[in-house]
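Letter by letter, the chains look like this.
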Amino acid sequence: MSQAGSVVQYKAELRKAIRRNAHEPEVNFLNITAMLDIMTIILVFLLKTLGESSTSVPQSDDLRLPASIMKKAPAQEGVLVTVSKTQILVGDDKILTLPGRESLAQAGVDARFKRSGPNDLFIVPLGNALMSARKTDVAVRRAKGLDPSSSEAIVIADKGTPYRLLMEVLFTLGQSEYGKYHLMVMQSKTLGG
C-alpha cells in the first residue's frame, strides 16, 4: 500500500507543481496578415478618393474660385488647367508666369508666347503641354472604351481672371483637341454669396 500511497502522493505533487507553474502561453510571433489586409483596403480607398476628387481645390490669395448656384456635381474626368493670378498650370506643372492684370486684360498673354503675334489667341507653351497631356488621355480613353477623338478639360480659374486670358486658354484647349470644358466654381446658395 505504501507504494500505491506514494504514487498518489506523487501525482498530487505533480498536479500542484503544474498548477504553480501554469501561466498563459507567450506570443512569440506577431501575425500581421490581418493588419496588412486592413491597411491595403484603407490605402486603396484613399488612393481612389484622392485620385478622383478634383473638387478639393485649395483656395489662396493667388486663386479664388467664382461662386455659382449650380447643383450639378463637378466632372471627374479631364486634364486640370489652372489659371491663377500669377501663373498657368497643367496638372501640377507650371507652364507660364503671367504678367500684371492690366496687360492681361488688354492683350492677354505676352506676344512672345503666341503662335503668330499679339492678336493670336493660341498660347504656344500651354498648347505644347496640352498636346502632351492629350496623348496620355487618348491612351486612357481607349483603355476605358471611351471615344478618343476629343478630350475633356477641367478649367480652374481665379474669379478675377480677365476675359481675354480666359478666351485664350479656352481657344488653346480647342486647338489642342479638347472638345469639352468644365469650369470649376464654388457652390453658393445665392448668386451674390
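Model, not experiment: these values are computed from the prediction.

**So, the sheet that holds strand β2 (residues 79–83)**
Read across the open sheet, the five strands follow the order β4-β3-β2-β5-β6; overall the sheet is mixed. Of all the strands in the sheet, the pair left with one neighbour each is β4 (93–97) and β6 (178–183). Neighbour-to-neighbour, the strand axes of this sheet turn through a mean angle of 25°, independent of strand direction. Sheet analysis places β2 next to strand β3 (residues 87–90), joined by three bridges and oriented antiparallel. Paired with T82 across the two strands is L89, which belongs to β3. Most of the contacts of helix α4 (residues 124–144) go to strand β5 (residues 151–157), to which it runs at about 135°, and overall it touches β2, β3, β4, β5 and β6.

**Considering the pattern of salt bridges**
Tallied over the entire structure, the rule returns six salt bridges. With a closest N to O distance of 2.8 Å, R164 and E168 form a salt bridge. In this pair, R164 and E168 both sit in helix α5 (residues 163–175), four residues apart, roughly one turn of the helix. On the basis of relative accessibility, which here comes to 0%, the residue E168 falls in the buried class. In this structure, a network of salt bridges that share partners links the residues K114, R164 and E168.

**Considerations on the packing of aromatic side chains**
Inspection of every chain in the model, using the stated rule, returns zero aromatic pairs. In this structure, R115 is placed above the aromatic ring of F122, and the distance from its NZ or CZ to the ring centre is 4.2 Å.

**Details of a nonpolar patch on the surface**
A cluster of nonpolar side chains, I38, M39, I42, F45 and L46, forms an exposed patch at the surface whose accessible area comes to about 520 Å². Tracing the chain through its elements places F45 in helix α2 (residues 33–52). Taking relative accessible area as the criterion, F45 reaches 56% and is therefore assigned exposed.

**Digging into the pairing of β5**
Here β5 lies mainly inside the structure; seven of its seven residues are buried. Side chains S151, A153, V155 and A157 project from β5 onto one buried face, and the interleaved E152, I154 and I156 project onto a second face that is buried too. With five bridges connecting them, β2 and β5 associate as parallel partners. Counted as the bridge partner of V83 is A157 from β5.

**Considerations on the packing of α4 against α5**
Where α4 meets α5, the axes come as close as 9 Å, and the angle between the chain directions of the two elements is 40°. Relative to α5, α4 is oriented oblique. As α4 packs across α5, the resulting crossing turns out to be right-handed. In this structure, α4 contributes L126, G127 and L130 to the contact, and α5 contributes V169, T172 and L173. The residue inventory of the contact of α4 with α5, partitioned by class, reads four nonpolar, two polar and no charged.

**Quick look at the side chain of S151**
With respect to the secondary-structure elements, S151 resides in strand β5. Take S151: its relative accessible area is 1%, and that puts it in the buried class. Engagement of the side chain of S151 in a polar contact is seen with the side chain of R134, the distance being 2.8 Å. Setting aside residues no more than four positions away along its own chain, S151 makes contact with R134, D137, R141, E177, Y178, G179 and K180.

**A few points about α5**
Counted at 1.5 Å a residue, the expected span for α5 with its 13 residues is 18 Å, and the 18 Å between its end C-alpha atoms agrees. Along α5, the positions that sit buried rather than exposed are L165, L166, E168, V169, L170, T172 and L173.

What counts as what
- Residues numbered from 1 in each chain as written.
- Predicted model: local features only at pLDDT ≥ 70, side-chain atom pairs only at ≥ 80, totals over all residues.
- Heavy atoms only, no water.
- Pairing = 2+ DSSP bridges.
- Helix = DSSP H or I, 4+ residues; strand = E, 2+ residues; numbered from the N terminus.
- Axes fitted to C-alpha atoms, helices over the stretch in contact; angles between N-to-C directions.
- Contact = heavy atoms within 4.5 Å.
- Salt bridge = Lys/Arg side-chain N within 4 Å of Asp/Glu carboxyl O.
- Buried < 20%, exposed > 50% of the residue type's maximum accessible area, 1.4 Å probe, protein only.
- Phe/Tyr/Trp six-rings, centres within 6.5 Å; stacked < 30°, edge-to-face > 60°.
- Lys NZ or Arg CZ within 6 Å of the ring centre and 35° of its normal.
- Patch = residues over 30% accessible without salt bridge, like charges linked within 9 Å, V, L, I, M, F, W, Y side chains within 5 Å.
- Areas by Shrake-Rupley, 256 points an atom, 1.4 Å probe, with all protein chains shown as cover.
- Parallel < 35°, antiparallel > 145°, perpendicular 65-115°, else oblique.
- Left-handed = near helix turned anticlockwise from the far one by under 90°.
- Nonpolar A, V, L, I, M, F, W, Y, C, P; charged D, E, K, R; others polar.
- Polar contact = N/O pair within 3.5 Å; in protein donor to acceptor, adjacent residues only side chain to side chain.
- Expected span 1.5 Å × (residues − 1).

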